[in-house]
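One-letter residues, chain by chain:
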Amino acid sequence: MAYYKGQPFNDNHLMPCPMLENPEKLQAIVNEVGAVSTDMIGKESVEALCGKCEDYAQAWKQTADTLWMAKDRYAPFTQYYRDH
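The model shown is predicted, which means the values in this text are computed figures rather than measured ones.

This paragraph deals with the side chain of Gln-27. With respect to the helices and strands, the residue Gln-27 is situated in helix 2 (residues 23-33). Those residues within four positions of Gln-27 in sequence are excluded, and the remaining contacts are Val-46, Glu-47 and Cys-50.

Set out below in structure tokens:
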């Protein structure tokens, strides 16, 4: 439910993924619910896993924001449906 309630993870639809484009969102969800790795061979913390995506997320954010803002579109209000 925490994953569901966290959607959308970004109002820029070019950055939808909670791990690749918004790694801080996935970390928050995992820490909130207490999820743990089920990989029996190479357990990895959520911080280590999402940390691998931080450089990509920062690099893509600049491009994605430029592309997203280049076109006029309705200003999204994506939070409303979860709050009712």
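Mapped onto the elements of the fold, Val-36 is located in the loop between helix 2 and helix 3 (46-51). For the pair Val-36 and Val-46, spaced 10 residues apart in sequence, the C-alpha to C-alpha distance is 8.2 Å.

This next bit is on the layout of surface pockets. There is about 180 Å³ of room inside the largest pocket. Every residue lining the largest pocket is listed: Leu-26, Val-30, Asn-31, Ala-35, Val-36, Ser-37, Glu-44, Ser-45, Val-46, Glu-47 and Leu-49. For the lining of the largest pocket, the elements supplying multiple residues, two or more each, are helix 2 and helix 3.

Below, the discussion takes up the environment of Asp-65. As for its placement among the helices and strands, Asp-65 is situated in helix 4 (residues 54-69). Sequence separation between Asp-65 and His-13 is 52 residues; the distance between their C-alpha atoms is 9.7 Å. Contact partners of Asp-65, with chain neighbours within four places excluded, come to Asn-12 and Met-15.

With that out of the way, let us pick up the packing of aromatic side chains. The description of an aromatic ring pair uses the distance of the two centres, along with the angle that the planes make with each other. All chains considered together, the criterion is met by one aromatic pair. For the ring pair Tyr-3 and Phe-9, a centre distance of 5.0 Å and an interplane angle of 65° mean the geometry is edge-to-face.

Another aspect to go through is the pattern of salt bridges. Tallied over the full model, the rule gives two salt bridges. Salt-bridge contacts for Glu-44 lead to Lys-52; the nearest nitrogen and oxygen are separated by 2.6 Å. A salt bridge links Lys-61 to Asp-65; the nearest nitrogen and oxygen atoms lie 2.6 Å apart. Remark: Asp-65 and Lys-61 occur in helix 4; sequence separation between them is four residues, near one turn of the helix. Residue class for Asp-65 comes out partly exposed when judged on its relative accessible area of 25%.

Here we come to helix 2. Pro-23, Leu-26, Gln-27, Ile-29 and Val-30 are the residues of helix 2 that are buried. Buried residues of helix 2, viewed axially, fall in a sector of 165°; they line one side. Along its buried surface, helix 2 packs onto helix 1 (2-6), helix 3 and helix 4. After helix 2 finishes, the residue Gly-34 shows a positive phi value of roughly 75°.

Reading the values: the criteria
- Residues numbered from 1 in each chain as written.
- Predicted model: local features only at pLDDT ≥ 70, side-chain atom pairs only at ≥ 80, totals over all residues.
- Heavy atoms only, no water.
- Helix = DSSP H or I, 4+ residues; strand = E, 2+ residues; numbered from the N terminus.
- Contact = heavy atoms within 4.5 Å.
- 1 Å grid on protein atoms, 1.4 Å probe; cavity = no way out; pocket = protein on both sides within 12 Å on 5 of 7 lines; lining within 4 Å.
- Points joined across faces, edges and corners; volume = space filled by probe spheres on them.
- Phe/Tyr/Trp six-rings, centres within 6.5 Å; stacked < 30°, edge-to-face > 60°.
- Salt bridge = Lys/Arg side-chain N within 4 Å of Asp/Glu carboxyl O.
- Buried < 20%, exposed > 50% of the residue type's maximum accessible area, 1.4 Å probe, protein only.
- Arc of directions from axis to C-beta.

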